[in-house]
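# Close look at the chain arrangement
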Amino acid sequence: MKKLKETARYLTVQKDLRRSIIEGKYKVGDLLPSENELCSKYGIARMTVRNALSNLESEGLIERQKGKGSIVKLKRKSIELLSIKGFTEIMKSRESKIDTVFLQKPVLLDWEDDFYWPLSEAEIASKCIYLKRVRMSGEKPIMMEKTYLSNMDLANFCKEEFINKSLFDTLIVNHDIEMTGVVQKFRAIPANAELADSLQLNIGAPVLEIIRKLTTNREGFFVYSFAYCNTDDFTIEA
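Criteria and cut-off values
Per chain, residue numbering runs from 1 following the sequence as it is written. Local features in this predicted model are restricted to residues of pLDDT 70 or higher, and side-chain atom pairs are both shown and tallied only at a pLDDT of 80 or more, whereas totals for entire chains, interfaces and linings draw on every residue. With hydrogens and water set aside, each side-chain value is computed from the structure's full complement of heavy atoms. Under the scheme used here, helices are H or I runs from DSSP no shorter than 4 residues and strands are E runs no shorter than 2 residues, and both carry numbers assigned from the N terminus. Polar contacts, as counted here, are pairs of nitrogen or oxygen atoms within 3.5 Å of one another; within protein the pair requires one atom able to donate a hydrogen and one able to accept it, and residues that are adjacent in sequence qualify only if both atoms are side-chain atoms. By definition in these notes, contact holds between two residues if any of their heavy atoms fall within 4.5 Å. By convention in these notes, a salt bridge is any Lys or Arg side-chain nitrogen within 4 Å of a carboxyl oxygen on Asp or Glu. Residue exposure (1.4 Å probe, protein chains only): buried if accessible area is under 20% of the type maximum, exposed if over 50%, otherwise partly exposed. Any two strands with at least two DSSP bridges between them are considered paired. Only the stretch in contact is used when a helix axis is fitted, and all axes are lines through C-alpha atoms; the angle between N-to-C directions ranges over 0 to 180 degrees.

Residue position: E145 is located in strand β5 (residues 140-150). There is a polar contact of 2.5 Å between the side chain of E145 and the side chain of S225. Ignoring any residue separated from it by four or fewer positions in sequence, one finds E145 in contact with L131, K132, R133, R135, R212, S225, F226 and A227.

If you want it as structure tokens, here you go:
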């Protein structure tokens, strides 16, 4: 029982610090509270605090320096274009001013019969959470994205406010789900009426379609993304 309690304690510290980093309470380059301060705040042993900090370092959120402490890093594993980090974090790291506009906030639906990716029985049974967003640079739309994820163990997800307007930040902070890998495919397509309206393009204008299946640290849980990029006004960096 003691082991279980200690595990729960370091996870609490880890989650609290992770949320504070992702929400911006601690910014890149800031020092986290010392091990002694965290021990005192949570009433736990130093080894428990070190376990939490070690996990945050493994996630790429902090860097621990001997004699100095834990420094916020906030750099996750990346496979550029639209990386594991997610579009919001990429643009943020480049100090680009973007905004996210929801065309459809998360809603629970049945999966489409002809969904692009094969689905497991568990995914089909749990139904699908669907959302649709446009990423804006000033008044110009950069990308429209449709996202699908299964409703497995995501109670009340559709009612949650997104942290930093980011799906990935919300999943990791509220549900301990982190992206670990991706399969992505690319093709050029002509803009249909929906894409032309969302991206402020003419019907038939060329659009880059990026089809992605993201793996996570939760077995059997995937995030499916269909992104459509405005290449008339923006170049895509791979």
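Another point: the pattern of salt bridges. Tallied over the entire structure, the rule returns 15 salt bridges. The closest approach of N and O atoms between R50 and E35, which form a salt bridge, is 2.9 Å. Of the two residues, R50 is situated in helix α3 (residues 46-58) and E35 in helix α2 (residues 35-42); the sequence distance between them amounts to 15 residues. With a closest N to O distance of 3.5 Å, E145 and R212 form a salt bridge. Here E145, found in strand β5, pairs with R212, found in strand β7 (residues 206-216); they are 67 residues apart in sequence, far enough to count as distant. Each member of the pair, E145 as well as R212, carries the same accessibility label: buried. Among the charged side chains, a salt-bridge network with shared partners connects K15, R18, E59 and D176.

Moving on to the sheet that holds strand β4 (residues 128-137). Strands sit in the order β3-β4-β5-β8-β7-β6 across an open sheet of six strands; the sheet is antiparallel. Of all the strands in the sheet, just β3 (99-109) and β6 (179-190) have a single pairing partner and so form its edges. Sheet twist, expressed as the average angle between the axes of neighbouring strands with direction ignored, equals 15 degrees. Relative to β4, β3 is paired through eight bridges, and the arrangement is antiparallel. Among the inter-strand pairings, L109 is bridged to a residue of β4, identified as C128.

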